[in-house]
Amino acid sequence: MFESSQRPREYLWAYSKLPKPPLKVLDIGCGRSNGESGIEDFAKFLCEQGYDVTGIDIKPISWRHENFTFRHESITNNSLPSETFDVVVSFQVWHHVGMGYQLGVPKECQERCANGHIIFLNEVHRVLKTNGVAIITTVIEPSLRRDDTRQFTRETAHNLVVQKGFEVLHEEAITTPNYTLFLLHLRKKESNHG
Ligand SMILES: C[S@@+](CC[C@H](N)C(=O)[O-])C[C@H]1O[C@@H](n2cnc3c(N)ncnc32)[C@H](O)[C@@H]1O
């Protein structure tokens, strides 16, 4: 079972990279799979800081905020406008996209899509303004195979984002006993070469 205590570290890393508000931010997979207590949702925190935040998730969420718009959709099949967001954030979602079963996600919301991880990157690229920033964290090299987790390595994850038209500004790996977490700070280049 993956422990998820890296969240505060990921959120702090991401927040340190964010340009200051007012900005339009998209949080892909803004829900919570494990109902962790004591950690505020990152999207909610950004709303409180004055960002204009849109969240998208395949499962419903319960909180609301005047700076927050929620879309109950999959990133693989969404109605988000193109070239709209200054920043996209997505924490521990990329490796789950299109994998079907996922812990904590209601059965009726689960989705199978073989190239979900590619569509995810194309969508991040499409919705970002040119020079917009993306902060994506993903599990790589899990020690246990799990059906809901795509098997990325650091190299495959890095190469995919470069291939899809992002410049890597920073990247960092955090190793835990069960997996490595890969943190990517990206900038959208002019055109998508994917
Ligand atoms: C491991 S949780 C991470 C949640 C949150 N980002 C966090 O920091 O705790 C993965 C989230 O991604 C969502 N998700 C999975 N596939 C998705 C998809 N195709 N489109 C949108 N959200 C998705 C799940 O419903 C779940 O809320």
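Everything in this summary refers to the structure shown in the same document. Computed from a prediction, not measured in an experiment: that's the story for all the values here.

### Description of the overall build of the protein
Working step 1: Scanning the protein from terminus to terminus reveals 4 helices and 9 strands.
Working step 2: Starting at the N terminus and walking to the C terminus, you meet the elements of the protein as α-β-α-β-β-β-β-β-α-β-α-β-β.
Working step 3: Compactness check: the protein gives a C-alpha radius of gyration of 15 Å against a globular reference of 16 Å for 194 residues, within 12% of the reference.
Working step 4: Based on the C-alpha atoms only, the size of the protein along its principal axes is roughly 40 × 40 × 30 Å.
Working step 5: Buried positions account for 36% of the 194 residues belonging to the protein.
Working step 6: Restricting to contacts in the protein with at least 6 residues of sequence separation, those with at least 24 account for 66%.

### A word on the pairing of strand β8 (residues 166-175)
Working step 1: Little of β8 sits inside the fold, with 1 of its 10 residues counted as buried.
Working step 2: The pairing of β8 with strand β9 (residues 180-188) spans 9 bridges and is classified as antiparallel. Bridging from a neighbouring strand, Glu171 pairs with Leu184 of β9.

### What to know about the nonpolar core
Soluble, globular proteins show a tendency: their nonpolar side chains are buried together.
Working step 1: Of all hydrophobic cores here, the largest spans 44 residues; its most connected members are Val25, Val88, Val89 and Ala134.
Working step 2: Sorting elements by how many residues they give to this core places strand β7 (residues 128-140) first, with 7 residues.
Working step 3: Beyond its immediate sequence surroundings of up to four residues, Val25 is in contact with Leu46, Tyr51, Val53, Phe85, Asp86, Val87 and Val89.

### Some remarks on the sheet that holds β8
Working step 1: Strand order in the open sheet made by the 7 strands is β3-β2-β1-β4-β7-β9-β8, with mixed pairing throughout. What marks the edges here is a single partner per strand, and that holds for β3 (68-71) and β8. Recorded for the sheet is a direction-independent mean angle of 15 degrees between the axes of neighbouring strands.
Working step 2: Running at roughly 150 degrees to β7, helix α3 (residues 116-127) makes contact with β1 (24-28), β4 (85-91), β7 and β9 of the sheet.

The rules behind the values
Residues numbered from 1 in each chain as written. Predicted model: local features only at pLDDT ≥ 70, side-chain atom pairs only at ≥ 80, totals over all residues. Helix = DSSP H or I, 4+ residues; strand = E, 2+ residues; numbered from the N terminus. Rg over C-alpha atoms; globule rule 2.2 N^0.38 Å. Buried ≥ 20, exposed ≤ 12 C-beta atoms within 10 Å, placed from the backbone. Contact = placed C-beta atoms within 7 Å. Pairing = 2+ DSSP bridges. Core = buried A, V, L, I, M, F, W, Y, C linked by C-beta atoms within 7 Å. Axes fitted to C-alpha atoms, helices over the stretch in contact; angles between N-to-C directions.

These figures capture arrangement, not role.
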